[in-house]
Amino acid sequence: MTSFDTSPTLTAWRALLAVAVVFVMLATTGWTAVRHQPSDEPRTLALASWARGSVAGHALPDADAPPRRLAQFFATLTAAQRTGLADKYPLVVGNLNGAPVTLRYHANRLALVQARAVERQRMHDERLSPDGRAEALRRMNRFQSMLENGRHILAFDPSGKGRAAEVFGDLDRAARVSVIVPGVDTNLLTLERTAPMVNAAPVGMAKSLYAAERAARPGTRTAVIAWADYTTPAGIGVDAALGNLAERGAVRLNALVGTLPGDAPVSLFCHSYGSVLCGVAAHELPSRVTDIAVAGSPGMRVENAGQLHTEARVWATRDHDDWIADVPNLELGGLGHGADPVDPGFGARIVSAGGAVGHSGYFEPGTESLSNFAAIGVGAYASVSCASSDSTCHDGVATGGRGPGI
């Protein structure tokens, strides 16, 4: 279920499920229990400082407060007060759903500058191993790249392997918003990649989709978010066979979508394990989410689209040589992710992935999968190319029909 091609065999996957069964049994008996140690991660320290802070003599709201409560708080502040909080607590303000978008961009630039300085020091820290110093160099280079002019970082947390989100387009004024939800092995070091894997990483996916949407409907203001702001499984391991990280990520995704500015329709494009997350999140998504499209999906933790309990249209695609097709579509004791979304019996609208190659090629320019995603993202449903197994995938949508069965 990785976002990158690893071509696992059916036998290997079944072996993984067997190992996962043992893991779950041990976990439920307490064998895997660990003690919680105090954390010195940057954002943990920033949150502790925020909890003691104040503005104009009043305590700051809980950083975990509902996003709408946070939005109300920022609306009561002057511009100088808002900027002052971003300057003092960049790792907090930059990640608060409910804070103004442009304020988050500002805060995250400051946080990136600070994080870059930390990694620059670590590069020369003789107490680190050569591998540790090499990783510091890679992280420093990543943060430097994220600081380039014109980049809009909506979320940034350097803790651990790190999380981030980036916006392409004007999110405040967008008439249509698309959110890319990537799969496993996504972190700050894999947020973007170089050729030939550019469009297999979240930033490349988002850039590619943004360009395709603008080409599909030049007159429509669009924004695309590369949302790598959840903890993903590391490789094809036990976490990839379970839904725990998807469940936690779903909470974060719903919080994001629930506080996006304006009222523009939102489309989710969920790749690989990201489709598991979208399946878990579906029943609580705000009504402005009109479309959920999954690519290379191992399942959405349901047996059919109706069980997602969403009014959003559900779309699915898979390339003919995507190794994910070899993964057993089952769910047993929490292991596995349920039925195959491209099975006609699932009830999704199945669209063509012509031209895509393997598990990571769905956002490559010139592919039917990308053209279809762009059409869905801008609402040009009549332009969607159906898969041969579902020649009526766009029936009912051009006139405003909604729901997986319409």
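The coordinates are above.
A brief report on the enclosed structure follows.

1. Comments concerning the layout of surface pockets
Moving on, step 1. Of the pockets and cavities examined, the largest pocket occupies roughly 400 Å³.
Moving on, step 2. Along the wall of the largest pocket there are 22 residues; nearest its centre are Ala63, Asp64, Asn95, Asn97 and Arg252.
Moving on, step 3. At the level of secondary structure, the elements contributing two or more residues to the lining of the largest pocket comprise helix H2 (42-52), helix H3 (67-75), strand S3 (152-157), strand S4 (163-169) and helix H10 (244-258).
Moving on, step 4. The leading source of residues in the lining of the largest pocket is H10, at four residues.
Moving on, step 5. Among the residues making up the lining of the largest pocket, the classes are represented as 13 nonpolar, two polar and seven charged.

2. Here we look at the sheet that holds strand S9 (residues 313-317)
Moving on, step 1. With mixed pairing, the eight strands of this open sheet are ordered in space as S3-S4-S6-S5-S7-S8-S9-S10. Each of the sheet's edge strands pairs with one partner strand only, and the pair in question is S3 and strand S10 (349-350).
Moving on, step 2. Where strand S8 (residues 289-295) and S9 come together, five bridges link them in parallel fashion. Its bridge partner being in S9, Ile292 is matched across the sheet by Val314.
Moving on, step 3. Most of the contacts of helix H6 (residues 101-122) go to S3, to which it runs at about 55 degrees, and overall it touches S3 and S4.

3. A short note on unusual backbone geometry
Moving on, step 1. Omega for the bond connecting Ala195 with Pro196 falls within 30 degrees of zero, at 5 degrees, which places this linkage in the cis form.
Moving on, step 2. Assignment of secondary structure puts Pro196 in the loop between strand S5 (176-181) and helix H8 (202-216).
Moving on, step 3. In this structure, Ala56 is a non-glycine residue whose phi angle is positive, near 55 degrees.
Moving on, step 4. Checked against the element boundaries, Ala56 lands in the loop between strand S1 (54-55) and strand S2 (58-59).

4. Focus: the environment of Ala216
Moving on, step 1. Mapped onto the elements of the fold, Ala216 is located in helix H8.
Moving on, step 2. If we ignore the near neighbours within four places in the chain, the residues touching Ala216 are Ala374 and Val378.

5. Considering the nonpolar core
Moving on, step 1. By size, the foremost hydrophobic cluster in this structure holds 63 residues, and its most contacted members are Trp50, Leu85 and Phe156.
Moving on, step 2. Contact partners of Phe156, with chain neighbours within four places excluded, come to Leu91, Asn95, Asn108, Ala111, Leu112, Ala115, Phe143, Met146, Arg163, Ala164 and Leu188.
Moving on, step 3. Residues Val167, Val179, Cys278 and Val294 belong to the second largest nonpolar core, which totals 52 residues.

6. Digging into H10
Moving on, step 1. For H10, built from 15 residues, the straight-helix expectation of 21 Å at 1.5 Å per residue is met to within 8% by its first-to-last C-alpha distance of 22 Å.
Moving on, step 2. Listed as buried for H10 are Leu245, Ala246, Gly249, Ala250, Leu253, Asn254, Leu256 and Val257. All buried residues of H10 project into a common sector of 160 degrees when viewed along the axis, lining one side. Residues of H10 that are exposed and point over 90 degrees away from its buried face: Arg248 and Val251.

7. Side note on the side chain of Ser297
Moving on, step 1. If you trace the backbone, Ser297 turns up in the loop between S8 and S9.
Moving on, step 2. Note on Ser297: relative accessible area 5%, which makes it buried.
Moving on, step 3. Side-chain polar atoms of Ser297 contact the side chain of Ser275, separated by 2.7 Å.
Moving on, step 4. Within the structure, Ser297 has its side chain in polar contact with the backbone nitrogen of Gly299 (distance 2.9 Å).

8. So, the state of the cysteines
Moving on, step 1. One pass over the full model with this rule turns up two disulfides.
Moving on, step 2. Here Cys270 pairs with Cys278 through a disulfide, and the sulfurs are 2.1 Å apart. The sign of the S-S torsion, about -85 degrees, decides the handedness of the disulfide formed by Cys270 and Cys278: left-handed. Cys278 carries the same exposure label as Cys270, and that label is buried.
Moving on, step 3. The disulfide that involves Cys386 links it to Cys393, with 2.2 Å between the sulfurs. Classification of the bridge connecting Cys386 and Cys393 rests on its S-S torsion, roughly -90 degrees, and on that basis the disulfide is left-handed. With respect to class, Cys386 is no different from Cys393; both count as buried.
Moving on, step 4. Once the disulfide-bonded cysteines of the chain are ranked by sequence position, their pairing pattern turns out to be 1-2, 3-4.

The rules behind each value
- Throughout this document, residue positions are counted from 1 along each chain, in the order its sequence is written.
- Owing to the predicted nature of the model, reporting of local features is limited to residues with pLDDT of at least 70; listing and counting of side-chain atom pairs is limited to 80 or more, with chain, interface and lining totals taken over all residues.
- Side-chain calculation: all heavy atoms of the structure are included, whereas hydrogens and water are not.
- Both cavities and pockets are sets of points on a 1 Å grid over the protein atoms alone; in a cavity a 1.4 Å probe fits but cannot get out, in a pocket the set is open with protein on both sides within 12 Å along at least five of seven lines, and lining residues sit with an atom within 4 Å of a point.
- Grid points are joined across faces, edges and corners, and a volume is the space filled by probe spheres set on the points.
- The secondary structure listing takes helices from DSSP runs of H or I that are at least 4 residues long and strands from runs of E that are at least 2 residues long, numbered from the N terminus.
- Side-chain classes follow a simple rule in which Ala, Val, Leu, Ile, Met, Phe, Trp, Tyr, Cys and Pro form the nonpolar group, Asp, Glu, Lys and Arg form the charged group, and the remainder, Gly included, forms the polar group.
- Following DSSP output, two strands are said to pair if at least two bridges run between them.
- Contact between two residues is taken to exist if any of their heavy atoms lie within 4.5 Å; hydrogens are not considered.
- Angles run from 0 to 180 degrees between N-to-C directions of axes, and those axes are lines fitted to C-alpha atoms, restricted for helices to the stretch in contact.
- By nonpolar core we mean a set of buried residues, namely Ala, Val, Leu, Ile, Met, Phe, Trp, Tyr and Cys, connected to one another through side-chain atoms within 4.5 Å.
- Think of it in three bands: residues with accessible area under 20% of the maximum for their type are buried, residues over 50% are exposed, and the middle band is partly exposed, with areas taken using a 1.4 Å probe on protein chains only.
- By definition here, a helix of n residues has an expected span of 1.5 Å times n minus one.
- Directions pointing from the helix axis toward each C-beta atom define the arc.
- Each polar contact in these results corresponds to two N or O atoms within 3.5 Å; when the atoms are within protein, one needs to be able to donate a hydrogen and the other to accept it, and residues that are neighboring in sequence are counted only if both atoms are side-chain atoms.
- Note on terminology: pairs of cysteine sulfur atoms within 2.5 Å are recorded as disulfides.

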